[in-house]
Amino acid sequence: MEANPSTHAPAAPASEPDDDTLARRAQAGERAALDQLARRHHPEVARLSWRFARRPADQDDLVQEVFLRVVRGLPQWRADRPFVHWLRRITVNTGRDYCRRESVRRRWTSEPSSDSDTPPPEAVDPSSDPSARAAASEAKALLAQLSPDDCTLLTLHHLEGWDFADIGAHLGWSRTATKVRAFRARLRLRALFQNQSAT
Amino acid sequence: MKTDLSSRWTDLVQRARRDTPGPLDTAALLRTLPDVAAARLAFAFLEDFAALFATPRALAACAASIAVFATAGVWQLNSEWQELEPLVSLLPAMIGGAV
């Protein structure tokens, strides 16, 4: 089943100002409004960033980078565009940049594709489900072997459950182009998965 | 074989989707976020980063930008930026040499 990204968007409680109002106040320099936005959206940004991050420390960096980009971009944010869409786009682009950096890192290090520096799940978070953490680690290790764009596309599709229209809208591709890219990326992923399963 | 591979991938993805990030420390995140005005100043300096080492003035501007960033507490959490910290201690000598 494919999910629409908006299903994860946190709604503002009735007693609190909505995102766009807070964003306008933050734009004008009101620190409390910026903090309230960060507090409200931290869980969603963390969850989406975690889909990309291969190591727990990377997730903290990604989340911080997203919010720094928000702070930096706020003067340019236009109120005719919902804040939450803008934030999600920044998060996806930050994830894509991370895929690029990981791709370069892999090329310049002798790191095995199975990611030997990933700690066991219980060492990271005792409450995590070890089976889910192990599966996520395996899936991310495979996705990381694709090109950065393919990695981003299939991470959003497989791990987040986004449909191709939403992915295309966030990455600046048409729906058709996204589907064609996805078809080719899945062929490459299938070959990688097959190789891994055979060994 | 093809179906077997597909079903194993589907199973992997379904389990992977249940994975969630660890506990969040929102207070720590907020401490590392600069104000909009401070960030604008710091990033404006950093946009000149490409000119680093080109001239002594560019080097001085870079030092100033890093100082602004450090003041804003931006790199307390971001490990990549923490890697830049040793550069800060070298800057005075580098500026002195360049001038």
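Residues numbered from 1 in each chain as written. Chains lettered and ligands numbered in written order. Predicted model: local features only at pLDDT ≥ 70, side-chain atom pairs only at ≥ 80, totals over all residues.

**What to know about the overall build of chain A**
The helix and strand inventory of chain A stands at 9 helices and 0 strands. In sequence order, the secondary structure elements of chain A are arranged as α-α-α-α-α-α-α-α-α. In chain A, which comprises 199 residues, the proportion classed as buried is 38%. Within chain A, contacts between residues at least 6 apart in sequence are counted, and of these 64% link residues at least 24 apart. (Helix = DSSP H or I, 4+ residues; strand = E, 2+ residues; numbered from the N terminus. Buried ≥ 20, exposed ≤ 12 C-beta atoms within 10 Å, placed from the backbone. Contact = placed C-beta atoms within 7 Å.)

**A closer look at the overall build of chain B**
Per the secondary structure count, chain B includes 6 helices and 0 strands. Reading the helices (α) and strands (β) of chain B from amino to carboxyl end gives α-α-α-α-α-α. For chain B, with 99 residues in total, the buried portion stands at 16%. Long-range pairs, those at least 24 residues apart, make up 55% of the contacts in chain B with a sequence separation of at least 6.

**Quick look at the interface of chain A and chain B**
The parts lose accessible area when they come together, and the size of an interface is often stated as this lost area. Taken together, the contacts link 45 residues of chain A with 31 residues of chain B. Here the side of chain A that touches chain B gets 12 residues from one element, more than from any other, and that element is helix α3 (residues 56–73) of chain A. A breakdown of the residues in the side of chain A that touches chain B according to their chemical character gives 21 nonpolar, 11 polar and 13 charged. (Nonpolar A, V, L, I, M, F, W, Y, C, P; charged D, E, K, R; others polar.)

**Focus on the confidence of the model for chain A**
Confidence in the prediction of chain A, expressed as mean pLDDT, is 86, and 84% of residues score 70 or more. Within chain A, no element has a lower average pLDDT than helix α5 (residues 121–124) of chain A, which sits at 49, and none a higher one than helix α7 (residues 148–159) of chain A, at 96. (pLDDT = per-residue confidence, 0-100.)

**Here we look at the environment of Gly95 of chain A**
All names here are of chain A. Of note, Gly95 is situated in helix α4 (residues 83–108). Its 26 C-beta neighbours within 10 Å are what place Gly95 among the buried residues. A C-alpha to C-alpha distance of 30 Å links Gly95 and Ala198, two positions 103 residues apart in sequence. Setting aside anything within four residues of it in sequence, one finds Gly95 in contact with Ser49, Phe52, Leu62 and Thr152.

**Considering helix α8 (residues 164–171) of chain A**
Residue and element names in this part refer to chain A. Among all positions in α8, only Phe164, Asp166, Ile167, Gly168 and His170 are buried. Elements in contact with the buried residues of α8: α4, α7 and α9 (175–198). Once α8 finishes, Gly172 follows within two positions and takes phi at roughly 80 degrees, a positive value.

**Regarding the nonpolar core**
If you look at the biggest cluster of nonpolar residues, it comprises 49 residues, and the most contacted ones within it are Phe67 and Val71 of chain A. Broken down by element, this core gets its largest block of residues, 8 residues, from helix α2 (residues 31–52) of chain A. Every residue in contact with Phe67 of chain A, bar those within four places of it in the chain, is listed here: Ala38 of chain A together with Leu29 and Leu33 of chain B. (Core = buried A, V, L, I, M, F, W, Y, C linked by C-beta atoms within 7 Å.)

**Focus: the packing of helix α1 (residues 19–27) of chain A against α2 of chain A**
Residues and elements named next belong to chain A. Packing of α1 against α2 leaves a shortest axis separation of 7 Å and a crossing angle of 140 degrees. The pairing of α1 with α2 is recorded here as oblique in orientation. Once α1 is placed against α2, the crossing between them reads as left-handed. Listed contacts from α2 to Asp19, Leu22, Ala23, Arg25 and Ala26 of α1 are Ala33, Leu34, Gln36 and Leu37. Among the residues making up the contact of α1 with α2, the classes are represented as 6 nonpolar, 1 polar and 2 charged. (Axes fitted to C-alpha atoms, helices over the stretch in contact; angles between N-to-C directions. Parallel < 35°, antiparallel > 145°, perpendicular 65-115°, else oblique. Left-handed = near helix turned anticlockwise from the far one by under 90°.)

**Focus on the packing of α4 of chain A against α7 of chain A**
Residue and element names in this part refer to chain A. Packing of α4 against α7 brings their axes to within 8 Å, and their N-to-C directions diverge by 130 degrees. With respect to α7, the axis of α4 lies oblique. Note that α4 runs across α7; the crossing there is right-handed. From α4, Val92, Gly95, Arg96, Cys99, Arg100 and Ser103 reach across to α7, where they touch Pro148, Cys151, Thr152 and Leu156. Tallied by class, residues from the contact of α4 with α7 come to 5 nonpolar, 3 polar and 2 charged.

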